[in-house]
Amino acid sequence: MQTERRRQLSTAEERRDTVLRTAIGAFASRGYYGTTTSEVARAAGISQAYVYRLFPSKEALFVAVVEHCFVRVRESLEVGAAGAKGGSPEAVLSAMGDAYAHLISDNDLLLVQMHAQAAAVSEAAVREAVRAGYARLVEYVRGASGGEDRQIQEFFATGMLCHLLVSMDAEKVDAPWTRTLTAGIRHF
C-alpha cells in the first residue's frame, strides 16, 4: 500500500517562530525605529497582514524578539554555570561570563540587545520587557553563582562593557584607552 504524501502546512506557531527569527535579523540591522513590519514580512516570505495576525503590532513583535533574546542569554548562562570548574561564586560567574562572551559573538543578538536598550528610553512596552528580562537574569545569576550583590553588579557591568567594546570593535584599536577598557575582557 502506497502512502500518500501530503503537503504539511506550517502551524501558526511555526510561522510565529519563523517571523520571530527573521525579525531578529531585521531589528538587528535597523533597530526598532528603522525596521518596518513589511520588511519583516518580506524576509519571512509572508504577507504583512499575516505578520499582524501573529503579532498585533510592531511593538509586540519587537517585544517578542527582545524576550526571545533574553531567553537565549539565560540558556547560555545556564550552560556556563553547568560547566563551571568549581562551585565558588567567582568560578561560576567566570564560566557564565565566558558563555556570554561566546553568545554575543552572534552580532544579531548583541545588536538587538543594544537596540532594545535604546528603544526602552522612550517605548514603555520595550522598557518593561527589558526590565523584566534583566530582573530574571539578575535573579538567575544570583541563585546560580551564590554571589554577593557587588559581584552580581560587576558581572552585569562587565557584560555592558563587553557590548560597548564589541560594538566599536575596540580590539582593533591599539591605544592606551582601548588597552585600559579591554584589559581582562574576553572576546570570541
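Our structure's up above, just so we're on the same page.
Residues numbered from 1 in each chain as written. Predicted model: local features only at pLDDT ≥ 70, side-chain atom pairs only at ≥ 80, totals over all residues. Heavy atoms only, no water.

**Details of the overall build of the protein**
And step 1. The secondary structure content of the protein amounts to nine helices and zero strands.
And step 2. Seen in sequence order, the protein has helices and strands lined up from the N terminus as α-α-α-α-α-α-α-α-α.
And step 3. Taken along the three principal axes of its C-alpha coordinates, the protein extends 60 × 45 × 30 Å.
And step 4. Relative to its full complement of 188 residues, the protein shows a buried share of 40%.
And step 5. Summed over its atoms, the accessible surface of the protein is roughly 10800 Å², and 53% of this surface lies on carbon and sulfur atoms. (Helix = DSSP H or I, 4+ residues; strand = E, 2+ residues; numbered from the N terminus. Buried < 20%, exposed > 50% of the residue type's maximum accessible area, 1.4 Å probe, protein only. Areas by Shrake-Rupley, 256 points an atom, 1.4 Å probe, with all protein chains shown as cover.)

**Let's talk about a nonpolar patch on the surface**
And step 1. On the surface, Leu164, Met168, Val173, Trp177 and Leu181 cluster together into a nonpolar patch covering about 400 Å² of accessible area.
And step 2. Relative to the elements of secondary structure, Leu164 occurs in helix H8 (residues 149-167).
And step 3. Judged by its relative accessible area of 39%, Leu164 is partly exposed. (Patch = residues over 30% accessible without salt bridge, like charges linked within 9 Å, V, L, I, M, F, W, Y side chains within 5 Å. Salt bridge = Lys/Arg side-chain N within 4 Å of Asp/Glu carboxyl O.)

**Some remarks on the state of the cysteines**
And step 1. Under the criterion given, the structure shown has zero disulfides.
And step 2. This cysteine, Cys69, is not joined by any disulfide, and Cys162 carries the nearest cysteine sulfur, 17 Å off.
And step 3. The exposure class of Cys69 is buried, given its relative accessible area of 3%. (Disulfide = S-S within 2.5 Å.)

**A short note on the packing of aromatic side chains**
And step 1. Scanning the model with the defined rule gives six aromatic pairs in all.
And step 2. On the numbers, 5.1 Å between centres and 75° between planes, the contact of Tyr32 with Tyr33 is edge-to-face.
And step 3. We classify Tyr33 as exposed; its relative accessible area is 51%.
And step 4. Members of the aromatic cluster, each reached through a chain of ring pairs, are Phe27, Tyr32, Tyr33 and Phe62.
And step 5. Over the face of the ring belonging to Tyr32 we find Lys58, whose NZ or CZ atom lies 4.9 Å from the ring centre. (Phe/Tyr/Trp six-rings, centres within 6.5 Å; stacked < 30°, edge-to-face > 60°. Lys NZ or Arg CZ within 6 Å of the ring centre and 35° of its normal.)

**Describing the packing of helix H1 (residues 12-34) against helix H4 (residues 58-82)**
And step 1. With their axes 9 Å apart at the nearest point, H1 and H4 run at an angle of 100° to one another. With respect to their mutual orientation, H1 and H4 come out roughly perpendicular. Contacts between H1 and H4 involve Arg16, Val19, Leu20, Ala23, Ile24, Phe27, Tyr32 and Tyr33 from the first element and Lys58, Glu59, Leu61, Phe62, Ala64, Val65 and His68 from the second.
And step 2. Looking at side-chain class alone, the contact of H1 with H4 contains eleven nonpolar, one polar and three charged residues. (Axes fitted to C-alpha atoms, helices over the stretch in contact; angles between N-to-C directions. Parallel < 35°, antiparallel > 145°, perpendicular 65-115°, else oblique. Contact = heavy atoms within 4.5 Å. Nonpolar A, V, L, I, M, F, W, Y, C, P; charged D, E, K, R; others polar.)

**Observations regarding the side chain of Thr178**
And step 1. Take Thr178: it is sitting in helix H9 (residues 176-182).
And step 2. If sequence neighbours within four positions are ignored, Thr178 has contacts with Ala170 and Val173.

**A few points about unusual backbone geometry**
And step 1. Backbone geometry places Asp169, a non-glycine residue, at a positive phi of 50°.
And step 2. With respect to the helices and strands, the residue Asp169 is situated in the loop between H8 and H9.

**A few points about the nonpolar core**
And step 1. Ranked by internal contacts, the top residues of the largest apolar core, which has 55 residues, are Leu77, Met96 and Val141.
And step 2. Among the elements of the structure, H1, helix H2 (37-44), helix H3 (48-54), H4, helix H5 (89-103), helix H6 (107-120), helix H7 (124-145) and H8 are those that each provide at least two residues to this core.
And step 3. Aside from chain neighbours lying at most four places away, what touches Val141 is Leu77, Leu93, Met96, Gly146, Ile152, Phe155 and Phe156. (Core = buried A, V, L, I, M, F, W, Y, C linked by side-chain atoms within 4.5 Å.)

**Focus: the side chain of Ser76**
And step 1. Relative to the helices and strands, Ser76 resides in helix H4.
And step 2. Residue classification places Ser76 among the buried positions, given a relative accessible area of 12%.
And step 3. In this structure, Ser76 is in contact with Ala99, Tyr100 and Leu103, ignoring residues within four places of it in sequence.

**Description of the packing of H6 against H7**
And step 1. At their nearest, the axes of H6 and H7 sit 8 Å apart, and the two run at 125° to each other. Of the possible angle classes, the one that applies to H6 and H7 is oblique. For the element pair H6 and H7, the recorded crossing hand is left-handed. Mapping the contact onto sequence places Ala116, Gln117, Ala119 and Ala120 in H6 and Val126, Arg127, Val130 and Tyr134 in H7.
And step 2. Split by residue class, the contact of H6 with H7 holds six nonpolar, one polar and one charged. (Left-handed = near helix turned anticlockwise from the far one by under 90°.)

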